[in-house]
Amino acid sequence: MLAPGAEQALTIPAGANRALLRVVAGQARFGLGNTTDTPLVGEGGGLDDLRDAQLTALRITVEANSAVRVDYWRES
């Protein structure tokens, strides 16, 4: 889970190359490279099937009183 906070990068577990992100409470912003001028995503929204380079480029801003769930897996 990602807690509220200003722009942050994912901490990718060793071996993971795919991820699914979901806003489980409140709102968040997702951007590749930065979150400047990206729209707010509300509860239930998120990003599906992030892969490889996208995982390292993604930046996330989680708004106050919000949370984002990140599920990682490995697919070859």
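Residues numbered from 1 in each chain as written. Predicted model: local features only at pLDDT ≥ 70, side-chain atom pairs only at ≥ 80, totals over all residues. Heavy atoms only, no water.

Draft legend 1. Broad picture of the overall build of the protein chain. Secondary structure assignment for the protein chain yields one helix and seven strands. Reading the protein chain from its N terminus to its C terminus gives the helix and strand order β-β-β-β-β-α-β-β. Radius of gyration (C-alpha) of the protein chain: 11 Å, near the 11 Å computed for a compact globule of 76 residues. Expressed along its principal axes, the backbone C-alpha trace of the protein chain runs to roughly 35 × 20 × 15 Å. (Helix = DSSP H or I, 4+ residues; strand = E, 2+ residues; numbered from the N terminus. Rg over C-alpha atoms; globule rule 2.2 N^0.38 Å.)

Draft legend 2. View of the sheet that holds strand 3 (residues 27–32). Here we have four strands laid out as an open sheet, ordered 1-6-3-4, and antiparallel in their pairing. The two strands at the open ends of the sheet, each matched to only one other strand, are strand 1 (5–9) and strand 4 (41–42). (Pairing = 2+ DSSP bridges.)

Draft legend 3. Broad picture of the sheet that holds strand 7 (residues 67–73). One open sheet accounts for three strands, arranged 5-2-7; its pairing is antiparallel. Each edge of the sheet is formed by a strand with only one pairing partner; in this case those strands are strand 5 (46–51) and strand 7. In this sheet, adjacent strand axes meet at a mean angle of 15° when their direction is disregarded. (Axes fitted to C-alpha atoms, helices over the stretch in contact; angles between N-to-C directions.)

Draft legend 4. Examining the environment of Asp 71 more closely. Looking at the secondary structure, you find Asp 71 in strand 7. Taking the relative accessible area as the measure of exposure, Asp 71 reaches 27% and is therefore partly exposed. For the pair Asp 71 and Gln 54, spaced 17 residues apart in sequence, the C-alpha to C-alpha distance is 14 Å. Beyond its immediate sequence surroundings of up to four residues, Asp 71 is in contact with Arg 18, Ala 19 and Leu 20. (Buried < 20%, exposed > 50% of the residue type's maximum accessible area, 1.4 Å probe, protein only. Contact = heavy atoms within 4.5 Å.)

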